[in-house]
Amino acid sequence: MINEKYQKLVSILREMNSVVVAFSGGVDSTFLLKAAVDTLGADRVLAVTADSETYPSSELLEAKELAKKIGAKHRVIETSELAIPGYTENDKNRCYFCKSSLFEHLIPVMENVGFHNVVYGVIADDMNEFRPGMKAAKERGIRGPLQEANLFKDEIRELSREFDLPTWNKPSFACLSSRIAYGEQITIEKLTKVEKAEAYLKSLHIRQVRVRTHQEIARIEVEPNDMKIILENHDAISKELANYGYKYVTLDLIGYKSGSMNKFLS
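As named in an unreviewed UniProt entry, the protein chain is ATP-dependent sacrificial sulfur transferase LarE, taken from Metabacillus sediminilitoris.

Caption draft 1: Up close: the layout of surface pockets. In this structure, the second largest pocket spans a volume of roughly 160 Å³. Surrounding the second largest pocket, P56, S58, E59, E62, K170, F173, L176, V194, E195, E198, A199 and K202 form its lining. The dominant element in the lining of the second largest pocket, judged by the number of residues it contributes, is helix 8 (residues 188-202), at five residues. Built from parts of two domains, the lining of the second largest pocket gets at least three residues from each of domain 1 (2-163) and domain 2 (176-264).

Caption draft 2: Examining the sheet that holds strand 7 (residues 248-251) more closely. Ordered by their spatial adjacency, three strands build an open sheet running 5-6-7, and the pairing between neighbours is mixed. Every interior strand has two partners, whereas the edge strands, strand 5 (209-214) and strand 7, have only one. Going across the sheet, the axis of each strand differs from the next one's by a mean of 25°, ignoring polarity. Strand direction decides the pairing type here: strand 6 (residues 217-222) and strand 7, joined by four bridges, are parallel. In the sheet register, I217 faces strand 7, and the bridge partner there is Y248. Here helix 8 sits on the sheet and contacts strand 5 and strand 6; the angle it forms with strand 5, its principal contact strand, is near 145°.

Caption draft 3: Spotlight on the domain arrangement of the protein chain. Here the protein chain is partitioned into domain 1 (2-163) and domain 2 (176-264). The interface of domain 1 with domain 2 comprises 16 residues on the first partner and 17 residues on the second. On the domain 1 side of the contact with domain 2, T88, N90 and R94 bury the most area, a combined 36% of that side's loss. Our enumeration of links across domain 1 and domain 2 arrives at zero salt bridges. At the junction of domain 1 and domain 2, the tally comes to eight residue pairs in polar contact (both at pLDDT 80 or more). Across the side of domain 1 that touches domain 2, the residue classes break down as four nonpolar, four polar and eight charged.

Parameters and conventions
- Residues numbered from 1 in each chain as written.
- Predicted model: local features only at pLDDT ≥ 70, side-chain atom pairs only at ≥ 80, totals over all residues.
- Heavy atoms only, no water.
- 1 Å grid on protein atoms, 1.4 Å probe; cavity = no way out; pocket = protein on both sides within 12 Å on 5 of 7 lines; lining within 4 Å.
- Points joined across faces, edges and corners; volume = space filled by probe spheres on them.
- Helix = DSSP H or I, 4+ residues; strand = E, 2+ residues; numbered from the N terminus.
- Domains from an automatic or database assignment.
- Pairing = 2+ DSSP bridges.
- Axes fitted to C-alpha atoms, helices over the stretch in contact; angles between N-to-C directions.
- Contact = heavy atoms within 4.5 Å.
- Buried area = accessible area lost by both parts, 1.4 Å probe.
- Salt bridge = Lys/Arg side-chain N within 4 Å of Asp/Glu carboxyl O.
- Polar contact = N/O pair within 3.5 Å; in protein donor to acceptor, adjacent residues only side chain to side chain.
- Nonpolar A, V, L, I, M, F, W, Y, C, P; charged D, E, K, R; others polar.

Structure (C-alpha cells):
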C-alpha cells in the first residue's frame, strides 16, 4: 500500500512538470523535496525557505543542510509574519494570514524561474485537523502532493527512513506563534522567549517539547517518557524560564499534543 501511494506521488509530480517547494526542513517538506528532485530532476525543482520571526535560526541552518544533502537548488527569502495585517491579533485565522502571505511571496518566485506549480507539505493527517492555511492554499491554486497521494505522517517517516533522510525521526515542528494562546497579542519578545525556553529544554535531551504560553504562564508539553526529566530538573527549569520572563512554569500532565491550543477555540 505504501509503495502504491509513493507511485501515485511520483505520478502527481510528473504531471506537474516543475515545482517550487515551500521548504521548512520538517519531516513532510523534506520528503516532498526529495521526491520532487528524484522524480523531476534538480533543474525543475526549487526549494524556497521563508526566514521570519517565527522560524528559529536553528531550523534555517538545518534546512540549508538538508537541501544540500538532497541536491536541491535552495533559496532563502525574508518575510515578516508580524507585518501581516490581522496576524499579530492571533485569532483562529492566524495560520490563514500566514499561509496567504507565504504563497503570495512564492508565486512570483515560481513565475520568475518559469516553473508551473507551488507545492507545500500538507499531508493526509491534516484533513482531520483545524488547518486554516489549507483555505489559503486552495484560493491560490497551491497544491499538496503528499495529501493528494493520501500519505500519512507515519508512512512519510517510513519512506524517509528508506530514502536515508535524517528527518525520518525528527520531532514535529510548527511555527513559534503556535505556542501563544489564541487572542493573546503576538510580539517579537514573546516569540524570542518561547524560542529560548524550548532550546533550553531540548538541551536537557528532551526530544519533543512545546512551551505553550498563556500570558506569564509557561505550560510545558513533552512526551510522557520525558516528564521525569522535567521533574528531576524542576528547580533549574523554573529559574531558567523565569530569566526569560515567565512568572509561572507548569507541566501539562496530558503531554505533548500537536495543535493542543485548538481545544480553546469555540
